[in-house]
Amino acid sequence: MAKISDRSSHIKKTPTLGGVGIFMGFILAFSIFGSLFKNVQAYQLLGSVFVLFFLGLKDDILVLSAKSKFIVQIAISLLIILSSNLTINSFYGFLGIYELSTIWSIGITTFVFVLLINAYNLIDGIDGLASIVAICFLFASCLIFYNANITNMCIISIIVLGPIVAFLQYNFSKKQKIFMGDTGSMIVGFLMSYLLINLLNIKGLTYGNHYYQINPILFISLLFYPLLDTTRVFFIRIFIYKKNPFSADKNHIHHRLLKLGFKHWQTSIFVGISTIILTIISILINRININLQVLIILIAGIFIFSTPILIHKMKDYNFNFLKNGALGFTLLLSVLFFQSCTTKKDLLYFQQTSKNEIDDKKILNQKIEINDILNIKINSLDGESSRLYNIEMLENTNAAINVQILKLKGYLVNDEGTITMPVLGTIKVTDKTTDELELFLVNKLKDESHLKEPIVNIRILNSKITVLGEVKSPGTFTFEEKNITLLQAIGLAGDLTINGERKDVLLIRQENNVKTINHIDLTSTEWMSTDLFYVKQNDVIVVNPNNAKIKSAGIIGNAGTLISVVSLLLTGILLIKN
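The text that follows walks through the structure, step by step, so that each part is easy to find. Each chain has its residues counted from 1, running along the sequence as written. In keeping with the predicted nature of the model, local features appear solely for residues at pLDDT of at least 70, side-chain atom pairs appear and are counted solely at 80 or more, and the whole-chain, interface and lining totals rest on all residues. With hydrogens and water stripped out, all remaining heavy atoms of the structure feed into the side-chain values.

1. Brief notes about the packing of helix α11 (residues 264-284) against helix α12 (residues 290-305)
A packed helix pair is summarised by two numbers, namely the angle formed by the two axes and the spacing between the axes. At their nearest, the axes of α11 and α12 sit 10 Å apart, and the two run at 160° to each other. By the angle between their directions, the pair α11 and α12 is classed as roughly antiparallel. Between α11 and α12 lies a crossing of right-handed hand. For the pair α11 and α12, the contacting residues are F270, V271, S274, T275, I277, L278, I281 and S282 in the first and I296, I297, A300, G301, I304 and F305 in the second. Gly falls in the polar group here, along with every residue not listed as nonpolar (Ala, Val, Leu, Ile, Met, Phe, Trp, Tyr, Cys, Pro) or charged (Asp, Glu, Lys, Arg). In the contact of α11 with α12, the residues fall into 10 nonpolar, 4 polar and no charged. Note on method: axes are straight lines fitted to C-alpha atoms, helices fitted across the in-contact stretch only, with angles between N-to-C directions ranging 0 to 180 degrees. Each helix is a run of H or I in the DSSP string that is no shorter than four residues. Each strand is a run of E no shorter than two, and both are numbered from the N terminus. Angle categories are assigned with fixed cut-offs, so that under 35 degrees is roughly parallel, over 145 is roughly antiparallel, 65 to 115 is roughly perpendicular, and the rest are oblique. It is the rotation of the near helix from the far one that decides the hand of a crossing: anticlockwise by less than a right angle makes it left-handed, clockwise makes it right-handed. We call two residues in contact when some of their heavy atoms are within 4.5 Å.

What follows is the structure, given as structure tokens:
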């Protein structure tokens, strides 16, 4: 039972074992859906939850020291990290840092586990607050995992979300009230940390025609309140009151809101709505430089969650926007101005160069398609006999004209997928690659005793790719090589302009009558070891405009124009008032 004390926000003894119900709900659902988890990672997760359950239960009953809880939390975090190889391995360009070494990955991942477990525990001070924060995060993680087709993580999100929603009705109840307690907050905080690190290992998501690149800013927004409140409380306890940062007090943001007259449910709903607003902001600024994203989210988050306190202070001190708010408004406009600029990180190719050697995956199985023009040359030991099997070619022409003549004299693959050759007759070609067709013709010439030791060379003369969007010379380009790379294809179009979005180049490819849209980050090197490095016949490359270009095309234009307009309006208001 939670006893009444000077820092309590309740007026009677209340059970603190709501976490037992959450634990039982999670374990029951996890057991039912256990067959869907096809890796041993599920066993480590289940074992970790059991240990934290008994740790929290003992803390609720006997009250453990912060040191004891820390040791167990670190041990459990290291267990799940080392046994399942689950780590945060990149900073996504924040402060210029991308991939992390193994030691740093393990250290930072352990820190994130312990930080979120304790941050979540610290906000469990009023009815519904911890539950609503968890519901916002788990609902978002469920959607992301579902879109990424990661079924087991999606199910874990749902089976954590379910018991919390069920618990919430009792947490808000007046007659049947129950608190989450350390049992619940430790389990939920740990599971949210586990899901968060799995979310960070997803590269990106596609919603319709929109591509969203995963980075930590979205999840910082979803967990901004517990992170902000923990940082603020620790700062006050250590630097102002000079006491143990884990000692209990009433300096949390939610305690300040209660003093302003907010009820428990109002405070919890306010935090939930503020979290949603901040998350929407993080989605809208996803394409800008990550350092600016962090700055904007910090400013916006502190402002949003401090709004009731700021309003209260403005009433007390007769706050005047034009006088007292000029500096803050100027800083906000400055952030908008820099946010619209194109940075060095947005322009450089191959910023993530963790490997010196990259695997080469050439396209060796490209099928011949209808309307392809084939140049087929057949030679043998008897040159005169070989002439019967070749279309007569004009000679004494320069190389530039010769390619066009070859196309006119080549074999056009008809709608039935066949070509007609001298002597050999009609041959089906669309189910074969050029290599397979060469081998087929060699065997046919041998088996039917046409030629001795035949040599067959085949080339597609009208292989073409299309490059559109923010490139210097968009259009359709043909090539005679068997394989050209994506970089060579972009080079044919004169490279990207300064307004091209280098982090999200689209490669549209059709295979077996199925079109796929692939998203390529040219600032990384990871895609170079995939089959996207070489383009295929009829591929379409689309370079979208970057954020700065889109903003400049709007009604108001870029942030510089916006600042000019707002400055003019403020000047007019000041002149009228004075």
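2. Remarks on the environment of L115
Counting through the fold element by element, L115 comes out in helix α4 (residues 102-122). It is 9.0 Å that separates the C-alpha atoms of L115 and T230, two residues lying 115 residues apart in sequence.

3. Focus: the sheet that holds strand β11 (residues 500-511)
A pair of strands is considered paired only if DSSP assigns at least 2 bridges between the two. In spatial order, the strands read β9-β8-β14-β11-β12; together these 5 strands make up an open sheet with mixed pairing. The strands lining the two open edges of the sheet, one partner per strand, are β9 (475-479) and β12 (514-520). In this sheet, neighbouring strand axes are inclined to one another by 20° on average, regardless of whether the strands run parallel or antiparallel. As paired elements, strand β8 (residues 463-469) and strand β14 (residues 540-545) share 4 bridges and run parallel to each other. By the bridge assignment for β14, G469 is matched with V543.

4. Observations concerning helix α19 (residues 434-447)
In this scheme, a helix's expected span is set at 1.5 Å multiplied by one less than its residue total. Look at α19: 20 Å from first C-alpha to last across 14 residues, which is about the 20 Å you get at 1.5 Å a residue. Residues of α19 that are buried include every one of T434, L437, E438, L441, V442, K444 and L445, and no others. With its buried residues spanning 165° around the axis, α19 presents them on a single face. Away from its buried face by more than 90 degrees, α19 exposes L439 and D447. The inward-facing, buried residues of α19 contact β3 (373-379), β5 (418-421), β6 (425-428) and β7 (455-460). Looking one or two residues past α19, S449 carries a phi angle of roughly 55°, positive in sign. A 1.4 Å probe rolled over the protein chains alone gives each residue an accessible area, and that area as a share of the maximum for its type sets the label: buried under 20%, exposed over 50%, partly exposed in between. When we speak of the arc, we mean the arc of directions from the helix axis to the C-beta atoms.

5. So, the nonpolar core
By convention a nonpolar core is built from buried Ala, Val, Leu, Ile, Met, Phe, Trp, Tyr and Cys residues, the set being connected through side-chain atoms within 4.5 Å. Among the nonpolar cores identified, the biggest contains 87 residues, and L45, F137, L138, F190 and F219 are the most heavily contacted of them. Considering every element that reaches this core, the biggest residue donor is helix α7 (residues 181-200), with 12 residues. In this structure F190 touches L45, S48, V49, L52, I76, I80, F113 and I117, once residues within four positions along its chain are discounted. Judged by nonpolar contacts, the second largest core, of 23 residues, contains I465, F479, I484 and L496.

6. With respect to the pairing of β14
Relative to β14, β11 runs antiparallel, the two sharing 5 bridges. Residue L507 lies in a different strand from β14, and its bridge partner there is I541.

7. Here we look at the environment of N414
In this structure, N414 sits in the loop between β4 (411-412) and β5. We classify N414 as partly exposed; its relative accessible area is 28%. Along the chain, N414 and V429 lie 15 residues apart, while their C-alpha atoms are 9.8 Å from each other.

8. Quick word on the state of the cysteines
Where two cysteines share a covalent bond between their sulfur atoms, that bond is called a disulfide. For the purposes of this analysis, a disulfide is any pair of cysteine sulfur atoms at a distance within 2.5 Å. Applying the stated criterion across every chain yields a total of 0 disulfides. With no disulfide partner, C142 has as its closest neighbouring cysteine sulfur the one in C154, 3.7 Å distant.

9. Observations concerning the pairing of β8
In summary, the side chains of a regular strand alternate between the two faces of the sheet. Note: β8 against β9, 5 bridges, orientation antiparallel. In the strand pairing of β9, T466 is matched with T476. From the end of β8 to the start of β9, which pair antiparallel, there are 5 residues.

10. Some thoughts on the side chain of D539
Structurally, D539 can be placed in the loop between β13 (534-535) and β14. Residue D539 is classed as buried on the basis of its relative accessible area of 1%. Definition of a polar contact: a pair of N or O atoms within 3.5 Å, with one able to donate and the other able to accept a hydrogen when the atoms are protein atoms, and with sequence-neighbouring residues admitted only if both atoms are side-chain atoms. Within polar-contact distance, the side chain of D539 engages the side chain of R509 at 2.7 Å. Side-chain polar atoms of D539 contact the backbone nitrogen of K536, separated by 2.7 Å.

11. Digging into the packing of aromatic side chains
The description of an aromatic ring pair rests on the distance of the ring centres and on the angle between the ring planes. By convention, a stacked pair of Phe, Tyr or Trp rings (six-membered ring in the case of Trp) has centres within 6.5 Å and planes under 30 degrees apart, an edge-to-face pair has planes over 60 apart, and any other such pair is tilted. The tally for this structure, following the rule as stated, stands at 10 aromatic pairs. Their ring planes at 40° and their centres at 5.5 Å tell us that F26 and F30 sit as a pair that is tilted. With F26 and F30 both in helix α1 (residues 18-32) and 4 residues apart, the pair spans about one turn of that helix. The pair formed by F26 and F30 is uniform in burial state, with each residue classed as buried. Here a set of aromatic residues connected by ring pairs shows up, and it is made of F23, F50, F53 and F54. In this scheme, the term charge over a ring applies when either NZ of a lysine or CZ of an arginine sits within 6 Å of the ring centre and within 35 degrees of the ring normal. Directly above the ring of F440 sits K432, whose terminal nitrogen or CZ lies 4.8 Å from the centroid.

12. Concerning the pattern of salt bridges
Salt bridge criterion: a side-chain nitrogen from Lys or Arg within 4 Å of a carboxyl oxygen from Asp or Glu. According to the stated counting rule, one finds 5 salt bridges in the structure shown. Notably, a salt bridge pairs K177 with D127, separated by 2.6 Å at the nearest N-O pair. Taken together, the residues K177 in the loop between α6 (151-171) and α7 and D127 in the loop between α4 and α5 (129-147) connect sequence positions 50 residues apart. Here the two residues K177 and D127 agree in accessibility, since each one is buried. Where E448 meets K444, a salt bridge forms, and the shortest distance between an N and an O atom there is 2.8 Å. Through salt bridges that share partners, D59, K69 and D182 make up one connected network.

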